2 protein chains.
Amino acid sequence: MTQTSSASAPRSTSRPLLQTLFAQRAQAVIPSPFGAEIPGAVPVVTSFTFGLADPRLFPKADLARATAEVLAEDGDNALNYGGTFAGLIDVVLQLMRDRGVEAQPENLLIGYGSGQILGLLPQVFVEPGDVVIVEGPTFMGAVSRFAAAGARLISIPVDGEGMVVDRLEEVLRDLARQGIRPRFVYTIPTFQNPKGCTLSGPRRQKLVQLAAEYGVVVVEDEAYYDLRFAGDPLPSLAALDREGWVLHVGTFSKIVVPGVRVGWACGHPEIIRRLEMFRSEGSLGPFLGRVVARYCGEGRLQSHIQLLTRRYREKCQVMLEAIAQYFPPEVKVEAPGGGFFVWCELPPSLSASTLLQATRALGVTFLPGTHCFADGQGEHALRLAFSYQPEERIVSGIQIIGEQLHRLIHSCASGAEQQGKELSKSMDP
Amino acid sequence: MTQTSSASAPRSTSRPLLQTLFAQRAQAVIPSPFGAEIPGAVPVVTSFTFGLADPRLFPKADLARATAEVLAEDGDNALNYGGTFAGLIDVVLQLMRDRGVEAQPENLLIGYGSGQILGLLPQVFVEPGDVVIVEGPTFMGAVSRFAAAGARLISIPVDGEGMVVDRLEEVLRDLARQGIRPRFVYTIPTFQNPKGCTLSGPRRQKLVQLAAEYGVVVVEDEAYYDLRFAGDPLPSLAALDREGWVLHVGTFSKIVVPGVRVGWACGHPEIIRRLEMFRSEGSLGPFLGRVVARYCGEGRLQSHIQLLTRRYREKCQVMLEAIAQYFPPEVKVEAPGGGFFVWCELPPSLSASTLLQATRALGVTFLPGTHCFADGQGEHALRLAFSYQPEERIVSGIQIIGEQLHRLIHSCASGAEQQGKELSKSMDP
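Model, not experiment: these values are computed from the prediction.

## Observations regarding the overall build of chain A
Here's step 1: When helices and strands are counted, chain A shows 15 helices and 14 strands.
Here's step 2: In chain A, which comprises 429 residues, the share counted as buried stands at 56%.

## Here's the deal with the environment of Glu 314 of chain B
Residue and element names in this part refer to chain B.
Here's step 1: Residue placement: Glu 314 occurs in helix α13 (residues 300-326).
Here's step 2: Accessibility expressed as a C-beta count within 10 Å gives 13 for Glu 314, which makes it partly exposed.
Here's step 3: In the structure, Glu 314 is positioned 72 residues away from Phe 386 in sequence and 9.8 Å away in space, judged by C-alpha atoms.

## A closer look at the relation of the copies chain B and chain A
Here's step 1: The two copies are related by a screw motion: chain B maps onto chain A through a turn of 180° and a shift of 0.0 Å along the axis, at an RMSD of 0.0 Å. Expressed as an axis order, the relation between the two copies is that of a two-fold axis.
Here's step 2: Take the interface residues of chain B: 99% of them recur as interface residues in chain A, which is what a same-surface contact looks like.

## Section: the interface of chain B and chain A
Here's step 1: Contact with chain B, which involves 89 residues of that partner, is made by 88 residues of chain A.
Here's step 2: Counting only elements with at least two residues in the side of chain B that touches chain A, the list comes to α1 (2-5), α2 (14-19), α3 (33-37), α4 (60-78), α6 (113-125), α10 (237-240), α11 (269-278) and α12 (286-296) of chain B.
Here's step 3: Per-class residue counts for the side of chain B that touches chain A are 44 nonpolar, 30 polar and 15 charged.

## Thoughts on the pairing of strand β6 (residues 184-187) of chain B
All names here are of chain B.
Here's step 1: Residues Phe 184 and Tyr 186 point to one face of β6 and Val 185 and Thr 187 to the other, with burial holding for every one of them.
Here's step 2: Two strands pair when backbone bridges link them, and strand β3 (residues 131-136) and β6 are joined in this way by two bridges, in the parallel orientation. By the bridge assignment, Val 132 is partnered in β6 with Phe 184.
Here's step 3: Where β6 and strand β7 (residues 217-221) come together, four bridges link them in parallel fashion. In the strand pairing of β7, Val 185 is matched with Val 218.
Here's step 4: At this point the chain moves from β6, through helix α9 (residues 201-214), to the parallel β7, and the crossover so formed is right-handed.

## A look at the sheet that holds strand β11 (residues 341-345) of chain B
Residue and element names in this part refer to chain B.
Here's step 1: Pairing in this open sheet of four strands is antiparallel, and the strands run β10-β11-β14-β13 from one edge to the other. If you trace the sheet from one side to the other, it starts and ends with β10 (332-333) and β13 (367-368), each paired once.
Here's step 2: Of the strand pairs in this sheet, β13 and strand β14 (residues 381-385) are connected by two bridges, and their pairing is antiparallel. Note that in β14 the partner of Leu 367 across the bridge is Arg 383.

## Some words on the sheet that holds strand β14 (residues 381-385) of chain A
Here's step 1: Spatially, β10-β11-β14-β13 (chain A) is the arrangement adopted by the four strands of the open sheet, whose pairing is antiparallel. The sheet terminates laterally at β10 (332-333) and β13 (367-368) of chain A, the two strands that pair on one side only.

## Focus: the domain arrangement of chain A
All names here are of chain A.
Here's step 1: Segmenting chain A into domains produces domain 1 (46-56 + 302-424) and domain 2 (60-298).
Here's step 2: Between the C-alpha centres of domain 1 and domain 2 there is a distance of 28 Å.
Here's step 3: Each partner contributes to the interface: domain 1 provides 26 residues, whereas domain 2 provides 26 residues.
Here's step 4: Secondary structure elements with two or more residues in the side of domain 1 that touches domain 2: α13 (300-326) and β11 (341-345).
Here's step 5: Classifying every residue of the side of domain 1 that touches domain 2 gives 13 nonpolar, nine polar and four charged.

## Concerning the pairing of strand β2 (residues 108-111) of chain A
Consecutive residues of a regular strand have side chains that alternate between opposite faces of the sheet.
Residue and element names in this part refer to chain A.
Here's step 1: Judged by which residues are buried, β2 turns out to be covered on both faces: Leu 108 and Ile 110 on one side and Leu 109 and Gly 111 on the other are all buried.
Here's step 2: Sheet analysis places β2 next to strand β9 (residues 263-266), joined by four bridges and oriented antiparallel. Bridging across to β9, Gly 111 finds its partner in Gly 263.

What counts and how
Residues numbered from 1 in each chain as written. Chains lettered and ligands numbered in written order. Predicted model: local features only at pLDDT ≥ 70, side-chain atom pairs only at ≥ 80, totals over all residues. Helix = DSSP H or I, 4+ residues; strand = E, 2+ residues; numbered from the N terminus. Buried ≥ 20, exposed ≤ 12 C-beta atoms within 10 Å, placed from the backbone. Least-squares fit on C-alpha atoms with pLDDT ≥ 70 in both. Contact = placed C-beta atoms within 7 Å. Nonpolar A, V, L, I, M, F, W, Y, C, P; charged D, E, K, R; others polar. Pairing = 2+ DSSP bridges. Right-handed = clockwise from strand over helix to strand, strands pointing away. Domains from an automatic or database assignment.

Listed below in structure tokens is the structure:
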């Protein structure tokens, strides 16, 4: 230990010997996408990169009170070994009921964030080379886990009404002709990450129908389901499903706080039991489960969701107004219906990485679109998170990005003009 | 969903179709050993079965205070997304220093209990058929995970000085002759679960030497390391290791409270990075990590360990005295040097399952020895946890077991006597 843990390298003999002990699946180290996505501390620049929650909305006092109550009233169970707290299961069953799904405890797996559950999916479903269908763009924090397990990813485009389900049907038909059955379709139907759009009612119906027809699981990641800025919710895919093909994934990260790390899967018991089997730590911690359940009690969760929805809608509005004021008209932006993000499409002359280089030097960052596609697309797109920054930083940050957009689009245009002139000159005799 | 989640079975078509979607490794469901070991609530009978902690020793007020402080002073980071809290890493590095190991952050993985880390081991090391060496008896909560991954388990006996390392050497030599290299040796060197014995100094030296010689990882599970009833600690295997073959596994479950679910692995960075890769949820929750680190600060952990050691020593003493008073002399018992358990060996005429049947009817349970062996041994042994029950229940429970022991051993003896008489009769002409 002393040697290997110091700056000096371990003895030359031990390293190759150790490497040969690892199982095939553990030969190469694939770094965690979550590690890369999540900063360890509050960023010092105006970052629109990560979907962090707004700390000003954290119910600190209520959580402290919930913890104190749990420890005082149920500390003996909260602090010992034990299974997932039944009261938390009830809270999740109620949330599923609100989403139109009458589930039972055997339909549920509660884990350390939806990230854990999404990370377990390839263990249950994917052998190297198996096809997994994802959206393009999508949440790569999940999708890169599927890729790491050796999945062959096929991306389906997303438009203003969510995943283009007709295109999915073509792909499923083509694959079926080749005798290939995809393992699952990963979709974020509501307030899609990163695009902010929502899968339309007819597409929802068709997607569930295709799942049953082709025998493919649909993993619906509903992280942002409750952060709806206006109107009524559409039925979740799980609510439309009659045969158990939909695995619904939810999280307390967006509706309570991310730092507690509690999420869930709801679906067919055969899937749930297998996800459970690959979750090596047993059940959710008795302490954490009770704190979250206690916090959610007495209507606190619903009123907190109302507060969050109002505030995130306001922040989104501030970002959209700043964009309208500072971005050149060549940048295409659609207002999201909820969630944490605004998706922007740049003119084809400008790449998001060029823009990022310019804005990062001025202390402002965002997520380039290439980080949202499994197939290398997204060069001319970017994701802006309005969730974390306070309003004044949203405005000043958008202004800085806007100034760089004007400069770069202008210089591209004049560069193209210049190039055009040179071209016409060279064509001159 | 509605159909599958209700009492009615899913449509006949969906089930076989779903089954064929699962990866090979997920075809069969293997139930969690932790689920089976851990009751959801406080047992209603006098249970000596599980290694639950004593709730009367839970530092509820200090944990409530630590939580309130974290939320008030560092809530913005505690409740957002983020990596494992650096302050908790410092606490673990100090604990490792106390165990004679100068580790660096890259040597550490902090997870949801040592159970999670032990459950991840086969992902990194085991292909079906690979050999893993364990102790007999051992902690089957961990070992059954290795078996579920397809490991071929070889058990090495444990005597009063811990694992019989000379026997391990023979096994390693025999395997090497067959060209077989075990993936790892799983040992609980200090206050072994279930035997309570401690690996002697010379055996520790030899075990580490064998690991380097044969190129085998030694996983040392030091769950009970700090719960030492008397004397000075022996050096941990990790402290003796010079080449990075020892993976040290520790936990806050026994020295703070189990319910927070925080444990760690400390070892070669190449192993740590791979364990991390298979832990699907990313890092330890920012909230939990800060609460545990805050609790451990200002010398609170060390004084709490002193309290725990004193109280568990007293409870152990109460159990040993009750055993001396109520158990027949045919039952062999050795006083443990620390930890949670007393191991008892019954005369060969009496099986622990027969005894359990009798005591369970009177409301008293324990862990039969067969639950502590990977190879079916242990029929005439049992594990008694003194950790959970209050003193008066320890005494009354041991009295009940003792009465049944007297009755069963007496009836066995008279049965054998009877049998002997009949035998001699039948030999008479």
